[in-house]
Amino acid sequence: LLPHEGKMVQNVGNKDTVGLKLILADKNDTLGAMKAVVRKDGDAYQKGIRSGDYLESVNGVEITEYCTYLNLPTDTTLRRFVFRTPEGMRKEVEW
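Within each chain, residue numbers correspond to sequence positions counted from 1 in written order. Whole-chain, interface and lining totals are the exception, using all residues; otherwise, since this is a predicted model, local features are given only for residues with pLDDT of at least 70 and side-chain atom pairs are given and counted only at 80 or more. The side-chain numbers reported here are obtained from all heavy atoms of the structure, hydrogens and water having been left aside.

**Thoughts on the confidence of the model for the chain**
And step 1. Here the chain shows a mean pLDDT of 83. Residues at 70 or above account for 80%.
And step 2. Summary of the metric used: pLDDT quantifies the predictor's per-residue confidence within the range 0 to 100. We call two residues in contact whenever any of their non-hydrogen atoms come within 4.5 Å of each other. Ignoring residues within four places in sequence, the model shows residues 1-6, a span with pLDDT below 50, making three contacts including any to other chains.

Structure representation (structure tokens):
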């Protein structure tokens, strides 16, 4: 039984984040639990997020596992995402 019900891809769900999906990082990956997959014509790409960037936190909640992301409150209108490149550069974006 997988805590994420076997899902490997999580759509980031609102009309502004079209073009951004999150995938589970490999279980041996020490840089983060989830990675971005970004479409080049999407809002996330325009905001500087690139495929392979790791999701570090959402609204100040550190994302250390997939279940943490799934259990985030969905009633907020603004979300502040912090991503980190594999090289360690931090990127903050708001939707």
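**Considerations on the pattern of salt bridges**
And step 1. Each salt bridge in this description consists of a side-chain nitrogen of Lys or Arg and a carboxyl oxygen of Asp or Glu lying within 4 Å of one another. Considering all chains together, one arrives at five salt bridges under this definition.
And step 2. Here Arg 84 makes a salt bridge to Glu 56, at a shortest N to O gap of 2.7 Å. Placement of Arg 84 in strand β6 (residues 80-84) and of Glu 56 in strand β4 (residues 54-58) is noted, with a sequence separation of 28 residues between them. Neither residue differs from the other here; Arg 84 and Glu 56 are each classed as buried.
And step 3. Beyond isolated ion pairs, a larger network of salt bridges with shared partners links Glu 56, Arg 84 and Arg 90. The way it works is that DSSP assigns letters per residue, a run of H or I at least four long becomes a helix, a run of E at least two long becomes a strand, and they are numbered from the N terminus. Per-residue accessibility, obtained with a 1.4 Å probe over protein chains only, is compared with the maximum for each type, and a residue is labelled buried under 20%, exposed over 50%, and partly exposed between these values.

**Observations concerning the pairing of strand β7 (residues 90-94)**
And step 1. Going residue by residue along β7, you find Lys 91 and Val 93 tucked away on one face and Arg 90, Glu 92 and Glu 94 left uncovered on the opposite face.
And step 2. Across five bridges, the pairing between β6 and β7 is antiparallel. Paired with Val 82 across the bridge in β7 is Glu 92.
And step 3. With antiparallel pairing between neighbouring strands as the criterion, β6 and β7 make up a hairpin whose turn holds five residues, including Gly 88 at a positive phi of roughly 105 degrees. For two strands to pair, DSSP has to find at least two bridges joining them.

**Considering the pairing of β6**
Across a regular strand the side chains alternate sides, sitting on one face of the sheet and then on the other.
And step 1. Of all five residues that make up β6, four are buried, and the element is covered over most of its length.
And step 2. Direction of pairing for β4 relative to β6: antiparallel, over a ladder of four bridges. Paired with Leu 55 across the strands is Phe 83, a residue of β6.

**Quick notes on the environment of Glu 62**
And step 1. Along the chain, the position of Glu 62 falls in strand β5 (residues 61-62).
And step 2. Considered as a pair, Glu 62 and Val 82 are 20 residues apart in the sequence and their alpha carbons are 9.1 Å apart.
And step 3. If near-sequence neighbours (up to four positions away) are discounted, Glu 62 is found in contact with Glu 56, Ser 57 and Thr 68.

**Notes on the environment of Leu 22**
And step 1. Among the secondary structure elements, Leu 22 is positioned in strand β2 (residues 20-24).
And step 2. Judged by its relative accessible area of 0%, Leu 22 is buried.
And step 3. Spatially, the C-alpha atom of Leu 22 lies 9.6 Å from that of Asp 53, the residues being 31 residues apart in sequence.

**Brief notes about the packing of aromatic side chains**
And step 1. The criterion for an aromatic pair is that two Phe, Tyr or Trp rings (for Trp, the six-membered ring) have centres within 6.5 Å, with stacked assigned to planes under 30 degrees apart, edge-to-face to planes over 60 apart and tilted to the rest. Across all of its chains, the model carries one aromatic pair by this definition.
And step 2. Ring centres of Phe 81 and Phe 83 lie 6.1 Å apart, and the angle between their planes is 10 degrees; on these two criteria the pair is classed as stacked.
And step 3. Take Phe 81: its relative accessible area is 1%, and that puts it in the buried class.
And step 4. Of the residues examined, Phe 83 reaches a relative accessible area of 0% and is grouped as buried.
And step 5. Remark: a charge is flagged as sitting over a ring if the NZ atom of Lys or the CZ atom of Arg is within 6 Å of the ring centre and within 35 degrees of the ring normal. A cation over an aromatic ring shows up here: Arg 50 above the ring of Tyr 45, its NZ or CZ 3.6 Å from the ring centre.

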